[in-house]
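Spelled out from the first residue to the last, the chains are:
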Amino acid sequence: MTTEALAEAMRGGVPVTALAPMQDVTTLPFMRLLADARYGAPDFFVTEFLRVHATSIIDEDIRECLENPPAETPLFLQLIGEDVPALVRVAREALSRFDVAGIDLNLGCPAPKVFRKNVGGGLLRDLPHVAEILPALREVCSEFGGRFTLKCRLGFDDAGALAPLLDLARENAVDWIAVHGRTVRGLYRTPVDYDAIAAAVRDAACPVLANGEISSVEKALRVREKTRCAGWMIGRHAIRNPWIFRQLRETREGAGTPFSPRLGDVFDYVRALADVVALPGDRPERVAARMKKFLNFVGTGADAEGAFLHAVRRAGTPDEIFAIAERFLLAGGNAEKPFPAEPFPGLVARPNCEA
């Protein structure tokens, strides 16, 4: 989809999909992996957030994403910060130099080390300052023909910030908003409040994407029926199930039964993740440590007892991880067993600043 096709789909009631920005996860290699035909890209990507301050620059990893966007899928640059001139400066550089579909402002990251600096979710405690940021970014996006979008939570301690934030979005012609149905204080422990997302859909002047525990096609369809959202932004569950965007597209297009991965497909994905996270000159221990960030999520669907997770978290090298994956995902005819659509109950993936 082009950026204009995205907007047209939302206007026409066709649900769209997005990969949520996640630190150290939504890198260019991971986005390229999802764009591979075996998996299936979302309708648009959003980079991991770029921390903006008075002297910040577009760092090398994000610059690489902007210079070499994955596939033909629109790519949005997510900014996090509170320095208005700096945000405008970085947005202008990105929009003028790279093929960026637009700028997304992070108003939701719940990590304490982030919100204590009055950025991300911390800005939901300071809506007057948000009211200074939005028109400045709207202006620079309009100057270069880019979209301006928001990703937010319901509020900081409660959902009281959402309604006035929607008013600000209306005043500043925000193109669309992804609403994570938890507060900042709720982190990832509290239930997602889909009623609050439904209220945002009803009250917003722009399309609203639902974010938070969109774990399967069935769950996505239930959330859409309940909220009337314009689509879904999916984070952690796209790490666990990289086929979810393909499955949603096949469902949307009525292309028969959506693809159903087997444990053998998951094994191939585990092997591919080693290439996603490896950097030149990395020691095997470093590659394994980065793989675990992904496998913490994948493992919630490997076995009901959590034995795969227990073993992987103690592995020291990629070869040890591959041996564990072979034992759980291939041995004894496991390769042909279906990968469950939902994670097993009670298994925890240890999320931090992910969507």
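Residues numbered from 1 in each chain as written. Predicted model: local features only at pLDDT ≥ 70, side-chain atom pairs only at ≥ 80, totals over all residues. Heavy atoms only, no water.

Let us now look at helix α7 (residues 162-171). Among the residues of α7, those classed as buried are L162, L165, L166, L168 and A169. Take α7 and look down its axis: the buried residues cluster within an arc of 160°, on one side only. Just beyond α7, the residue with positive phi is A173, at close to 50°. (Buried < 20%, exposed > 50% of the residue type's maximum accessible area, 1.4 Å probe, protein only. Helix = DSSP H or I, 4+ residues; strand = E, 2+ residues; numbered from the N terminus. Arc of directions from axis to C-beta.)

Counting across every chain of the model gives 11 aromatic pairs. Residues F308 and F328 carry aromatic rings whose centres are separated by 5.8 Å and whose planes lie at 85° to one another, so their mutual orientation is edge-to-face. Placement of the pair is F308 in helix α14 (residues 307-312) and F328 in helix α15 (residues 318-329), with a sequence separation of 20 residues. Put simply, the rings of Y39, W243, F259, Y269 and F339 touch in pairs and so form one group of aromatic residues. (Phe/Tyr/Trp six-rings, centres within 6.5 Å; stacked < 30°, edge-to-face > 60°.)

The next subject is helix α6 (residues 127-143). A rise of 1.5 Å per residue sets the reference length of α6, with its 17 residues, at 24 Å; its end C-alpha atoms lie 24 Å apart and thus fit the reference within 8%. Listed in full, the buried residues belonging to α6 are L127, H129, V130, I133, L134, A136, L137, R138, V140 and C141. Elements that come into contact with the buried residues of α6 comprise α4 (84-97), β5 (102-107), β6 (147-153) and α7. A positive phi of about 75° marks G145, the residue just after α6. (Expected span 1.5 Å × (residues − 1). Contact = heavy atoms within 4.5 Å.)

If you look at the biggest cluster of nonpolar residues, it comprises 110 residues, and the most contacted ones within it are F30 and L150. The dominant element in this core, judged by the number of residues it contributes, is helix α12 (residues 263-277), at 10 residues. The contacts of L150, once residues within four sequence positions are left out, are D104, L105, L107, L134, L165, A169, V174, W176, I177 and A178. Counting 15 residues, the second largest nonpolar core, distinct from the first, contains V16, A20, V46 and L209. (Core = buried A, V, L, I, M, F, W, Y, C linked by side-chain atoms within 4.5 Å.)

Moving on to the environment of D265. Tracing the backbone shows D265 in helix α12. The exposure class assigned to D265 is partly exposed, which follows from its relative accessible area of 26%. Contacts of D265, omitting those with residues within four sequence positions, involve W243 and F259.

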